[in-house]
Amino acid sequence: MSAHPSHPVLDRPFAAVLFDMDGTLVDSTAAIARCWTTWAVEHGVTAEQLAQAAGHGRPAPEIVADLVAAGTVEQAAARILELEVTDVEGVVQLPGVPRVLAGLPERSWAIVTSCSAPLADARRHAAGLPEPAALVTYDDVEHGKPAPDCFLLGASRLGVDPADCLVVEDAPAGLTAARAAGCATLAVRTTHPEGPLEADLVVPLLSQVAITPGPDGLRVGLVGDAAR
């Protein structure tokens, strides 16, 4: 009789956790909607065009490049950055995040985001996130999500093998990037409450997850309704 297959997240230790930020650690949905609506009106972009281009988790400069003329991309990208950095009203940590982060050893986690460095700083500080051991932003890589560059760099900055990392994401683009980097994946259904999310484990919120340090590394467990 063959042994029961082990779960790729629940039955193994991890050296580190790489967290996406928006939609994973912080709720910035309202601020994002306000800023992109303003930007779209200013640049003559319809709501339909914006919705088609702006798949959650993609870097803003790449979204902009899909929507404006080539000669205006730099200026248009600078404008959305300006809007987003100055509007962080209502940006807060998502349920379960304070508990999960408080339980992690200092050098065991990083934030890997599609935001630029100034926007990542603005939203991290607005939400009161603790300082990660490493921060990777869109400014640090040549290719943003869904390319694996950001997660490979995050693992490198923590000094661990990507194969020993768990990526926590909310968006298909980020999950694709994590898989390409060779990481295990945990998805939260904050921005995609319905439909498929290709991840090793899917939960509604981080409030239903426990990450516990031990002698062999970080172990993931389920709490509350998710454990039933």
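Residues numbered from 1 in each chain as written. Predicted model: local features only at pLDDT ≥ 70, side-chain atom pairs only at ≥ 80, totals over all residues. Heavy atoms only, no water.

S.K.: Could you give an account of the overall build of the protein, with specific residues and numbers?
M.R.: From N to C terminus, the protein includes 8 helices and 10 strands. Taken against the 2.2 N^0.38 rule, which gives 17 Å for 228 residues, the C-alpha radius of gyration of the protein at 18 Å falls within 12% of a compact globule. Projecting the C-alpha coordinates of the protein onto the three principal axes gives extents of approximately 60 × 35 × 35 Å. The burial tally for the protein puts 46% of its 228 residues in the buried class. Look at the contacts in the protein between residues 6 or more apart in sequence, and 63% of them connect residues 24 or more apart. On the protein, roughly 10,500 Å² of surface is accessible, and the fraction owed to carbon and sulfur atoms is 55%. (Helix = DSSP H or I, 4+ residues; strand = E, 2+ residues; numbered from the N terminus. Rg over C-alpha atoms; globule rule 2.2 N^0.38 Å. Buried < 20%, exposed > 50% of the residue type's maximum accessible area, 1.4 Å probe, protein only. Contact = heavy atoms within 4.5 Å. Areas by Shrake-Rupley, 256 points an atom, 1.4 Å probe, with all protein chains shown as cover.)

S.K.: An account of the nonpolar core is needed here, citing residue identities and associated values.
M.R.: Side chains of nonpolar character tend, in soluble globular proteins, to be buried together. Ranked by internal contacts, the top residues of the largest apolar core, which has 33 residues, are F19, L25, L129, L206 and I211. Those residues in contact with F19, other than ones at most four positions away along the chain, are T24, L25, V100, L101, L104, W109, A110, I111, V112, V168, L206 and I211. (Core = buried A, V, L, I, M, F, W, Y, C linked by side-chain atoms within 4.5 Å.)

Honestly, it's all geometry; don't read function into it.
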